[in-house]
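# Residue-level structure breakdown
Residues per chain are reported as follows:
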Amino acid sequence: MWKWIVVLVVSLHCSNALYFHIGETERKCFIEEIPDETTVIVNYKVELYDPRSGGFMPSSPGIGMHVEVRDPDDKTILSRVYSSDGRISFTSHTPGEHVICMYSNSSAWFSGSQLRVHLDIQVGEHAIDYANVAQKEKLTELQLRMRQLLDQVDQITKEQNYQRYREERFRQTSESTNSRVLWWSLIQTVVLLAMGFWQMRHLKSFFEAKKLV
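The rules we used
- For every chain, the first residue of its written sequence is number 1, and the numbers climb from 1 along that sequence.
- Where totals are concerned, whole chains, interfaces and linings use all residues; where local detail is concerned, this predicted model gives features only for residues with pLDDT of at least 70, and gives and counts side-chain atom pairs only at 80 or more.
- In computing side-chain properties, one takes all heavy atoms of the structure into account and sets aside hydrogens as well as water.
- UniProt positions are given in the numbering used here, feature names are shortened, and annotations may be inferred rather than shown by experiment.
- Note on conventions: DSSP H or I runs of at least 4 residues are helices, E runs of at least 2 residues are strands, and numbering of each starts at the N terminus.
- For salt bridges, the criterion is a side-chain nitrogen of Lys or Arg within 4 Å of an Asp or Glu carboxyl oxygen.
- Type-normalised accessible area, obtained with a 1.4 Å probe on protein chains alone, sets the label of each residue: buried when under 20%, exposed when over 50%, and partly exposed for intermediate values.
- We call two strands paired when DSSP finds no fewer than two bridges between them.
- Note on definitions: angles span 0 to 180 degrees between N-to-C directions of axes, and those axes are lines fitted to C-alpha atoms, for helices only across the stretch in contact.
- Every residue gets a pLDDT, meaning the predictor's confidence in that residue, from 0 to 100.
- Note on contacts: a residue pair qualifies if any of its non-hydrogen atoms lie within 4.5 Å across the two residues.

The name recorded for the protein in an unreviewed UniProt entry is Putative emp24/gp25l/p24 family of membrane trafficking, from Lutzomyia longipalpis. As its UniProt record puts it under Subcellular location (unreviewed entry), the protein is described as follows: "Membrane". Its UniProt record gives the protein the following Sequence similarities (unreviewed entry) comment, quoted word for word: "Belongs to the EMP24/GP25L family."

Below you can see the structure in the form of structure tokens.
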């Protein structure tokens with residue numbers, strides 16, 4: 001069981017920087033809505049609380065974070081231990097809510113201290129390092145700009161498909177709920193009619209028995 005779950009639904013078009021505090025036995029999880037075949041990069045840095053100064057300081061190299069990523073079907077697509085400062089990268093294969101969980105790899109080092117974890121989540125074209133792409137592929141400024149525009153169009157198409165997928169799921173849920181409500185109402189009506197019929201027959205038998213007496 002997750003001791004703590006932090007639900008954070010992040011916009012698909014943005015790069016989001018944040019930080020959170022985590023104890024030695026805590027597990028923090030984030031929900032990211034991601035279209036299919038979309039790259040996600042998470043840059044993070046862990047700081048250790050210093051009781052002498054009352055602030056946070058860079059953590060020792062021995063402190064690491066276990067990162068686990070699950071897709072909407074609850075399948076694990078990433079599970080490994082990283083260092084105290086690093087970069088996580090994965091690609092979604094199923095559209096929907098992906099759960100990203102982080103927790104310390106050991107409690108023995110911290111002795112009840114708090115950690116501060118800085119996160120920078122980048123989704124889609126925001127996760128692409130275009131400066132590195134231009135250098136590797138030797139692209140001109142115009143070619144690089146065209147590459148960025150094509151990637152943006154591709155990402156918008158994926159997001160539109162994801163929105164249609166969400167609408168279809170919502171429609172199916174609504175239809176299923178309405179169907180269950182209808183059947184439940186019909187069952188209640190049938191039960192009430194059956195009980196009324198049984199009571200009428202019971203009363204008829206009772207009065208007939210009284211007349212005979």
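## So, the UniProt feature "transmembrane region" (unreviewed entry) in the protein
In the numbering adopted here, UniProt assigns the feature "transmembrane region" (unreviewed entry) to residues 181-198. Structurally, residues 181-198 is divided into 100% helix and 0% strand, and its ends, taken at the C-alpha atoms, are 26 Å apart.

## Things to note about the pattern of salt bridges
As a working rule, side chains carrying opposite charge can pair if their charged atoms are close by. Within the structure shown, the criterion is met by seven salt bridges. In this structure, the salt-bridge partner of Glu 33 is Arg 166, at a minimum N-O distance of 3.0 Å. Of the two residues, Glu 33 is situated in strand β2 (residues 28-34) and Arg 166 in helix α2 (residues 141-212); the sequence distance between them amounts to 133 residues. Overall, Glu 33 belongs to the buried group, its relative accessible area being 11%. With a relative accessible area of 37%, Arg 166 lands in the partly exposed category.

## Quick word on the sheet that holds β2
Ordered by their spatial adjacency, four strands build an open sheet running β2-β8-β5-β6, and the pairing between neighbours is antiparallel. Of all the strands in the sheet, the pair left with one neighbour each is β2 and β6 (76-82). Neighbour-to-neighbour, the strand axes of this sheet turn through a mean angle of 15 degrees, independent of strand direction. In this sheet, strand β8 (residues 96-104) lies alongside β2 in antiparallel orientation, the contact comprising seven bridges. In the strand pairing of β8, Phe 30 is matched with Ile 100.

## What about the confidence of the model for the protein?
Averaged over the protein, the pLDDT score is 78; the fraction of residues at 70 or greater is 82%. The low-confidence segment residues 1-14 (pLDDT under 50) makes 41 contacts with residues lying over four places distant or belonging to another chain.

## Details of unusual backbone geometry
The backbone of Glu 37 sits at a positive phi, close to 55 degrees, despite the residue not being glycine. With respect to the helices and strands, the residue Glu 37 is situated in the loop between β2 and β3 (39-50). What makes Glu 37 partly exposed here is its relative accessible area of 41%.

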